[in-house]
Amino acid sequence: MSPDALPGVSQQQEKDDFQFYLDEYALEITPDGKYIRWSTTNDRHPRRWSTLKKVYNIVLIVWLDFFTTAISTAGSAVADGAQKEYGIAKALAVFLFISVYLLGQSLGGIIFPPYSEAFGRKWLYVGSSALYTVFCVLAGAIPSLSAVVVGRFACGLLSAIPTVIVLGSMEDMFNAKDRIWTIYFWTTTSSMGLCIGPIMSSYITVVLGWRWMFYIGAIVLGVTTGLMLTVSESRPSVLLVQEVDKLRRITGLENLRPSNPDHTPDLRTFAHMALLRPLYLFFTEPIVFVISIISATSSALVYLFTEALSPIYESFGFSTQSASLPFLAIGLGLIASGFTRIFDTRIITKRQRQGYPITPEHKLLGLCIGAPILAIALWWFAWTIPPHNQTIHWIVPTIALALIGYAINELDTSLSGYLADSYLTYASSGYAALSLLRSLMSAVFPLLAVQMFKGLEANLAVSVLAVVATVFCAVPPLFTRYGSQIRARSKFAKYTLQVYRENAVDTGGL
């Protein structure tokens, strides 16, 4: 397409000069002649960054998600210590230190992802870590339940930024094949944070007191804030606006416009189009709806276990501190899911070698394996623990915990990848719907554990969860067989694919 079609470019010399600058900045005119877009050779596009730069950015972002996730599940042991100091009931302590945090996260999961898609991601990461530090100090230093509520809610709100936006950052930088391993790294690390939190907090609380959990959190996140300043902005539409601004200054053509599908001219448009998008996707997109329910339920299990596991293992004879160590078994299971990613990579590589297209359904192996293993492991765990079984060695249900960890990570990794591949540029909004439900369920499950395990006893309580997991086993064959048809009927999935194709620079896959 010649620059003739672009408004404001008239004389031949000006056209030649303009084309020179387009080539210099590796930009091009859209086929309709109205906008400027990325050239496929532009190395400033995040998909074409060096591997080292991509890894550096993702490692820092995932570290932020890992540590804030650990702080979230640290609430159980902290609640036990604070309960005695403030003289409040167990259920109220759990609500204040765990559920309030996750309610804040559910709200943040709605607000921040569309904001990041419209205005960029970097400064959200920087701001979240900096403010998280402040509110950690507030929750720990001020001897007031009101300070706890404000601090925990604000920390939860801010934690939604790395928890939800990270998937969008990965889609910014990596194609479908590379996302297999980056999403595995993220989901494993994040889920490991869920497991490390209870262990870390139980030891810190016993040795230093519950307030030191927040002081240590503030110190670590203060250092992290400095590191987050070195992260690069990765939202392609935001970077393109900056590129076109430079082109305007050099050429003097003020009417040059970037191809920016995320443009929001005012706050009202942003609120209408962006803030409501996650809720719209949840209620109108079957893929988002089903994935959100399965992934949210499996992830919320870990929050339920923060209240349930310690009493179970104390009945095996474990001390208060060592009763948190079975979370390590869940952690080992999380790591083991890396073997499945090897098979995912082989499937993608084989199809690329044969010249076949790669669809999101080709990466659902983890769902097909994880759903039945989760059901089996929960049934196993349910009937190898006290009070029904008093003679079985503690290692037997602990093996089941490792399988539960493996299954949770399989579901999280495969379903997150499926969302990213299905909604591409708007993966963060798709994941925001999931995060909203996950945060709400994670807020409820610890409270539910207090009542369920007291009213039904541990065996029946876990059996209820096993029944739900068994129902989930019907989903994998439905997605693998009908997933492409469901996406074909989705107007939003078609729109995201169109936006991606108009702005993509990576020829290595979606």
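Structure report, in brief. (Residues numbered from 1 in each chain as written. Predicted model: local features only at pLDDT ≥ 70, side-chain atom pairs only at ≥ 80, totals over all residues. Heavy atoms only, no water.)

Below, the discussion takes up the environment of Ser484. Positionally, Ser484 belongs in helix H19 (residues 475–488). On the basis of relative accessibility, which here comes to 37%, the residue Ser484 falls in the partly exposed class. With 123 residues separating them along the chain, Ser484 and Glu361 place their C-alpha atoms 7.2 Å apart. (Helix = DSSP H or I, 4+ residues; strand = E, 2+ residues; numbered from the N terminus. Buried < 20%, exposed > 50% of the residue type's maximum accessible area, 1.4 Å probe, protein only.)

In this section: unusual backbone geometry. Of the consecutive residues Pro386 and Pro387, the connecting peptide bond is found in the cis state with omega at 10°. With respect to the helices, strands and loops of the structure, Pro387 is situated in the loop between helix H15 (365–382) and helix H16 (395–423). Residue Ala26 is not a glycine yet carries a positive backbone phi of 55°. Its place among the elements puts Ala26 in the loop between helix H1 (12–24) and strand E1 (27–29). For Glu457, which is not glycine, the phi torsion reads 70° and is therefore positive. Inspection of the secondary structure assignment puts Glu457 in helix H18 (residues 457–472).

This paragraph deals with the packing of aromatic side chains. The geometry of an aromatic ring pair is captured by two quantities: the separation of the ring centres and the angle between the planes. Taken as a whole, this structure holds 18 aromatic pairs when the rule is applied. Taking 5.4 Å as the distance between ring centres and 70° as the angle between the ring planes, the aromatic pair formed by Phe20 and Tyr21 counts as edge-to-face. For the pair Tyr115 and Phe119, a centre-to-centre distance of 4.8 Å together with 50° between the ring planes defines the contact as tilted. One end of the pair, Tyr115, and the other, Phe119, are both in helix H4 (residues 90–119), four residues apart, so they sit about a helical turn from each other. An aromatic cluster of three or more residues is present, and its members are Tyr86, Phe97, Trp210 and Phe214. The ring of Trp49 has Lys53 lying over it, and the distance from NZ or CZ to the ring centre is 4.2 Å. (Phe/Tyr/Trp six-rings, centres within 6.5 Å; stacked < 30°, edge-to-face > 60°. Lys NZ or Arg CZ within 6 Å of the ring centre and 35° of its normal.)

Turning to H19, a few remarks are in order. Helix length check: H19 (14 residues) gives 18 Å between terminal C-alpha atoms against 20 Å at 1.5 Å per residue, within 8%. Residues of H19 that are buried include every one of Val475, Pro476, Phe479, Gly483 and Arg487, and no others. (Expected span 1.5 Å × (residues − 1).)

Right, let's get into the side chain of Arg341. Looking at where Arg341 falls in the secondary structure, it is placed in helix H14 (residues 338–354). Owing to a relative accessible area of 1%, Arg341 belongs among the buried residues under this scheme. Beyond its immediate stretch of four places on either side in the chain, Arg341 contacts Ile180, Trp181, Tyr184, Gly366, Glu410 and Thr413. (Contact = heavy atoms within 4.5 Å.)

Turning our attention to the layout of surface pockets. Reported here for the largest pocket is a volume of approximately 750 Å³. Along the wall of the largest pocket there are 31 residues; nearest its centre are Asp80, Lys90, Ser310, Pro311 and Glu314. Listed by contribution, the elements that provide at least two residues to the lining of the largest pocket are helix H3 (75–86), helix H7 (176–208), helix H12 (286–314), helix H17 (427–455) and H18. No other element matches the seven residues that H12 contributes to the lining of the largest pocket. Looking at side-chain class alone, the lining of the largest pocket contains 13 nonpolar, eleven polar and seven charged residues. Both domains that furnish three or more residues to the lining of the largest pocket are identified here as domain 1 (50–231) and domain 2 (266–509). (1 Å grid on protein atoms, 1.4 Å probe; cavity = no way out; pocket = protein on both sides within 12 Å on 5 of 7 lines; lining within 4 Å. Points joined across faces, edges and corners; volume = space filled by probe spheres on them. Nonpolar A, V, L, I, M, F, W, Y, C, P; charged D, E, K, R; others polar. Domains from an automatic or database assignment.)

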